[in-house]
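Spelled out, the chains give:
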There are 2 protein chains.
Amino acid sequence: MLHTLRVAIVGPGAIGLFYGSQLARAGATVRLLARSDLAVLRARGVIVHGDHPAYTVAPPAIEAFATPAEVGPVDLVVITLKNTANDRFHDLVGPLLGPDTAVLTLQNGLGADERLAALFGAGRVLGGLSFIACTRVAPGEVECFHPGTITLGEFSGPSGDRARSVATWFERAGIPTTVTDRLAEARWLKLVWNIPFNGLSIASGGLSTDRILADPKLASEVRALMDEVADGARALGYQISEEFIQSQIDVTPKLGGYKPSSLLDWQAGRDVEIEAIWGEPLRRALGAGARTARLALLYALVRSLCVSRPPSP
Amino acid sequence: MLHTLRVAIVGPGAIGLFYGSQLARAGATVRLLARSDLAVLRARGVIVHGDHPAYTVAPPAIEAFATPAEVGPVDLVVITLKNTANDRFHDLVGPLLGPDTAVLTLQNGLGADERLAALFGAGRVLGGLSFIACTRVAPGEVECFHPGTITLGEFSGPSGDRARSVATWFERAGIPTTVTDRLAEARWLKLVWNIPFNGLSIASGGLSTDRILADPKLASEVRALMDEVADGARALGYQISEEFIQSQIDVTPKLGGYKPSSLLDWQAGRDVEIEAIWGEPLRRALGAGARTARLALLYALVRSLCVSRPPSP
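Predicted, not measured: the structure shown is a model, and the values here were computed from it.

Regarding its fold elements, chain A presents 13 helices and 10 strands. The globule rule puts the C-alpha radius of gyration for 313 residues at 20 Å, and the 19 Å found for chain A is close to it. Along the three orthogonal principal directions, the C-alpha set of chain A runs to about 55 × 40 × 35 Å. The buried share of chain A, taken over its 313 residues, is 56%. Once local pairs closer than 6 in sequence are excluded, the contacts in chain A between residues at least 24 apart make up 69%.

Below, the structure is given as structure tokens:
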């Protein structure tokens with residue numbers, strides 16, 4: 001494991017700011033590629049609060065830059081951009097790469113791993129799933145309700161020392177992190193929840209997860225969509241058990257009146273990760289010959305609602 | 001054929017007012033069971049305009065009553081209520097029945113025929129489909145863009161003299177009318193269009209038919225839903241050809257920026273015929289073992305949007 005780590009965070013929204021702050025506190029050299037928060041981050045750094053005393057990580061422990069050229073090459077690039085910005089990978093990530101730089105995308109859904117691999121070589125790419133509840137409440141300011149966990153792994157083969165080293169840094173930063181040899185499968189496991197709940201919360205006009213489950217017919221569609229996603233994953237060779245599917249239903253009431261991130265994005269007029277969460281899984285499941293009727297309809301509706309319609313008031 | 005006909009119209013919205021006026025002009029004795037329009041109808045009768053010189057049908061050619069007891073027994077009851085009011089059949093229709101009264105429901109979707117048959121005997125029941133474009137623009141006032149056509153038939157067997165006699169009265173009233181021996185099949189044929197377009201217009205947050213078809217992914221879902229509805233109908237023993245399905249796609253662009261009636265109802269905060277158009281067809285197709293994934297999801301979404309959510313602005 002590296003005793004020092006130079007990290008660049010690309011896409012410092014809530015998750016990027018939180019991980020960046022925690023990694024900086026753990027001793028990494030953290031450079032944020034910032035846009036709207038740039039002035040605040042330079043002047044004051046990041047404020048993190050939640051169910052713990054608030055703390056500030058100020059420069060030079062964490063530094064913000066306007067361009068990737070100013071950041072320069074690092075050991076690890078952590079990408080927390082929205083998938084809808086993935087056409088900027090070349091410009092944003094390219095200048096951050098030295099000969100041995102690893103690129104870890106913690107983005108949702110499907111597609112980013114492959115896109116990074118195509119641009120920069122599959123050998124550089126790590127993918128991860130971030131389970132976390134945090135919100136950017138003001139420029140450079142994050143509220144983190146739960147630091148959650150990370151699952152990460154190599155994109156192009158079994159995970160080895162590099163993946164374990166990255167995981168150790170996140171662990172040191174206070175985020176329990178699991179290394180997987182089955183990154184693609186892990187992505188599908190997360191989609192089992194995200195596809196139905198993020199999708200139905202938008203297509204229903206804005207229902208939170210508790211209200212979706214309180215409607216027996218929508219709840220039944222949640223389960224049917226989960227089954228369809230699992231069938232798609234299985235057709236692609238991944239393993240998803242019935243117990244796992246049931247666990248995704250069972251865990252949801254504990255979230256209370258939870259609004260999935262896609263719903264929050266839609267209601268705030270921000271880009272929704274339509275292709276990563278619905279479009280790309282649909283295309284892959286369809287390509288593997290799986291049944292995709294519900295997913296296809298949900299994708300078409302969410303896409304139409306996000307592209308052509310404002311959210312409900 | 002009867003040389004005189006006493007008709008009661010139950011549910012005098014746009015369609016009921018139009019058919020009542022036309023039947024009165026054709027020589028029938030027409031009695032409207034009215035509620036909100038009662039005073040206007042009594043004072044002035046019905047005004048009809050559209051792509052023809054406006055005309056008024058005034059009392060005593062057409063008469064309005066507040067209760068079915070005042071209307072009393074007639075030869076033919078024509079039901080143009082919303083399906084959402086079908087739990088009032090017993091009270092509204094019962095007092096209109098003499099020994100030989102026929103009951104014709106021109107309501108949308110599935111379920112009304114059976115409900116009337118259960119209440120009043122299958123032998124009384126005729127069902128029909130009304131293809132018409134008209135709107136109630138003010139109390140007792142209808143704008144009719146196209147008188148359209150009617151298809152009607154006996155509920156409980158082949159159509160005979162009675163169905164032909166009723167059809168002749170509608171023909172005399174200026175509405176081309178076809179008698180069918182396959183009422184249930186005819187209802188499914190109409191659902192091939194209504195289920196996808198009425199449903200997607202609501203689930204998309206308010207898109208008119210031209211905008212649905214302008215979105216390639218929604219257009220593809222229209223076709224997939226039509227195929228599913230047709231499969232359900234076939235599983236129940238009805239015949240729906242590929243050419244018919246294609247014709248339902250092909251006819252739609254000619255409607256321009258058309259808003260299906262369910263969308264108008266939803267946007268106006270009125271009851272939507274959820275069970276007749278989506279729920280009952282779903283249950284029957286499911287019972288016949290047909291695949292119903294898209295229909296089930298669409299039903300759950302439309303139901304949720306109509307029951308628990310206001311329409312988009």
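The side chains of a regular strand alternate, residue by residue, between the two faces of the sheet. All names here are of chain B. For strand 7 (residues 97-105), a buried count of 7 out of 9 residues is recorded, marking the element as mostly surrounded by other parts of the structure. Sheet analysis places strand 7 next to strand 8 (residues 125-138), joined by 3 bridges and oriented parallel. From the neighbouring strand, L104 faces strand 8, where its bridge partner is L126.

This paragraph deals with the relation of the copies chain B and chain A. Rotating chain B by 180° and moving it 0.0 Å along the rotation axis overlays it on chain A with an RMSD of 0.0 Å. Taken together, these values place the two copies in the relation of a two-fold axis. Taken together, the interface assignments show that 100% of the residues at the interface of chain B recur at the interface of chain A, consistent with an identical surface on both copies.

With that settled, consider the packing of aromatic side chains. Centre-to-centre distance and the angle between the planes together describe a pair of aromatic rings. For the structure on display, the rule yields 8 aromatic pairs over all chains. Ring centres 6.0 Å apart and planes at 45° place the aromatic pair B:F18 and B:Y19 in the tilted group. In terms of burial, B:F18 and B:Y19 fall into one category: buried. Ring centres of B:Y19 and B:F170 lie 5.5 Å apart, and the angle between their planes is 75°; on these two criteria the pair is classed as edge-to-face. With B:Y19 in helix 1 (residues 14-25) and B:F170 in helix 6 (residues 161-172), this pair connects stretches of sequence that are 151 residues apart. We note A:R172 situated over the ring of A:W169; from NZ or CZ to the ring centre the distance is 4.2 Å.

This part covers the domain arrangement of chain A. Residues and elements named next belong to chain A. The domains assigned to chain A are domain 1 (6-181) and domain 2 (185-308). Taking the mean C-alpha position of each, domain 1 and domain 2 sit 25 Å from one another. Each partner contributes residues to the interface: domain 1 has 18 residues there, and domain 2 has 15 residues. Where domain 1 meets domain 2, there are 3 salt bridges. Among the salt bridges present, the one from D265 reaches K82, with a minimum N-O distance of 3.5 Å. At the boundary of domain 1 with domain 2, the tally comes to 11 residue pairs in polar contact (both at pLDDT 80 or more). Going through the elements one at a time, helix 5 (112-120) and strand 8 (125-138) are the ones with two or more residues in the side of domain 1 that touches domain 2. The element contributing the most residues to the side of domain 1 that touches domain 2 is strand 8, with 5 residues. A class-by-class count of the residues in the side of domain 1 that touches domain 2 yields 4 nonpolar, 11 polar and 3 charged.

It is worth spelling out the pattern of salt bridges at this point. A side chain of one charge can pair with a side chain of the opposite charge if their charged atoms are brought near each other. For the coordinates displayed, the defined rule picks out 40 salt bridges over all chains. One connected set of salt bridges, linked through shared partners, spans A:R223, A:D227, A:D231, A:R234, A:E242 and A:R291.

Before going further, it helps to examine the interface of chain B and chain A. Chain B puts 26 residues into the contact, and the matching count from chain A is 26 residues. Of the roughly 2,500 Å² buried where chain B meets chain A, counting both sides, 61% is carbon and sulfur surface. Where chain B meets chain A, there are 2 salt bridges. B:D215 serves as the salt-bridge partner of A:R303, at 3.4 Å between the closest nitrogen and oxygen. At the boundary of chain B and chain A, one finds 4 residue pairs in polar contact (both at pLDDT 80 or more). Those elements that place two or more of their residues in the side of chain B that touches chain A are helix 7 (183-203), helix 9 (216-235) and helix 13 (293-308) of chain B. At 12 residues, helix 13 of chain B tops the list of elements feeding residues into the side of chain B that touches chain A.

Attention now moves to helix 6 (residues 161-172) of chain A. All names here are of chain A. For helix 6, with 12 residues, the first-to-last C-alpha span of 16 Å sits near the 16 Å given by 1.5 Å per residue. Buried within helix 6 we find A163, S165, V166, A167, W169 and F170. Residues of helix 6 that are buried in the fold lie against helix 1 (14-25), strand 6 (74-79), strand 7 (97-105), strand 8, strand 9 (141-154) and strand 10 (177-179). Trailing helix 6 by a residue or two, G174 shows a phi angle of about 90°, which is positive.

Turning our eyes to something else, we now look at the nonpolar core. A:W278, A:L298, B:W278 and B:L298 are the most contacted members of the largest nonpolar core, which totals 80 residues. Residues within four places of A:W278 in sequence aside, it is in contact with A:N194, A:I195, A:N198, A:G199, A:S262, A:V272, A:E273, A:L295, A:L298, A:Y299 and A:V302.

All names here are of chain A. Running from N to C, helix 9 (residues 216-235) and helix 10 (residues 242-250) point in directions that differ by 145°, and their axes come no closer than 11 Å. In terms of crossing hand, the pair formed by helix 9 and helix 10 is right-handed. Residues V222, R223, M226, D227, A230 and R234 of helix 9 lie in contact with helix 10, whose contacting residues are E242, I245, Q246, Q248 and I249. When the residues that make up the contact of helix 9 with helix 10 are grouped by side-chain class, the tally is 5 nonpolar, 2 polar and 4 charged.

Calculation criteria
- Residues numbered from 1 in each chain as written.
- Chains lettered and ligands numbered in written order.
- Predicted model: local features only at pLDDT ≥ 70, side-chain atom pairs only at ≥ 80, totals over all residues.
- Heavy atoms only, no water.
- Helix = DSSP H or I, 4+ residues; strand = E, 2+ residues; numbered from the N terminus.
- Rg over C-alpha atoms; globule rule 2.2 N^0.38 Å.
- Buried < 20%, exposed > 50% of the residue type's maximum accessible area, 1.4 Å probe, protein only.
- Contact = heavy atoms within 4.5 Å.
- Pairing = 2+ DSSP bridges.
- Least-squares fit on C-alpha atoms with pLDDT ≥ 70 in both.
- Phe/Tyr/Trp six-rings, centres within 6.5 Å; stacked < 30°, edge-to-face > 60°.
- Lys NZ or Arg CZ within 6 Å of the ring centre and 35° of its normal.
- Domains from an automatic or database assignment.
- Salt bridge = Lys/Arg side-chain N within 4 Å of Asp/Glu carboxyl O.
- Polar contact = N/O pair within 3.5 Å; in protein donor to acceptor, adjacent residues only side chain to side chain.
- Nonpolar A, V, L, I, M, F, W, Y, C, P; charged D, E, K, R; others polar.
- Buried area = accessible area lost by both parts, 1.4 Å probe.
- Expected span 1.5 Å × (residues − 1).
- Core = buried A, V, L, I, M, F, W, Y, C linked by side-chain atoms within 4.5 Å.
- Axes fitted to C-alpha atoms, helices over the stretch in contact; angles between N-to-C directions.
- Left-handed = near helix turned anticlockwise from the far one by under 90°.

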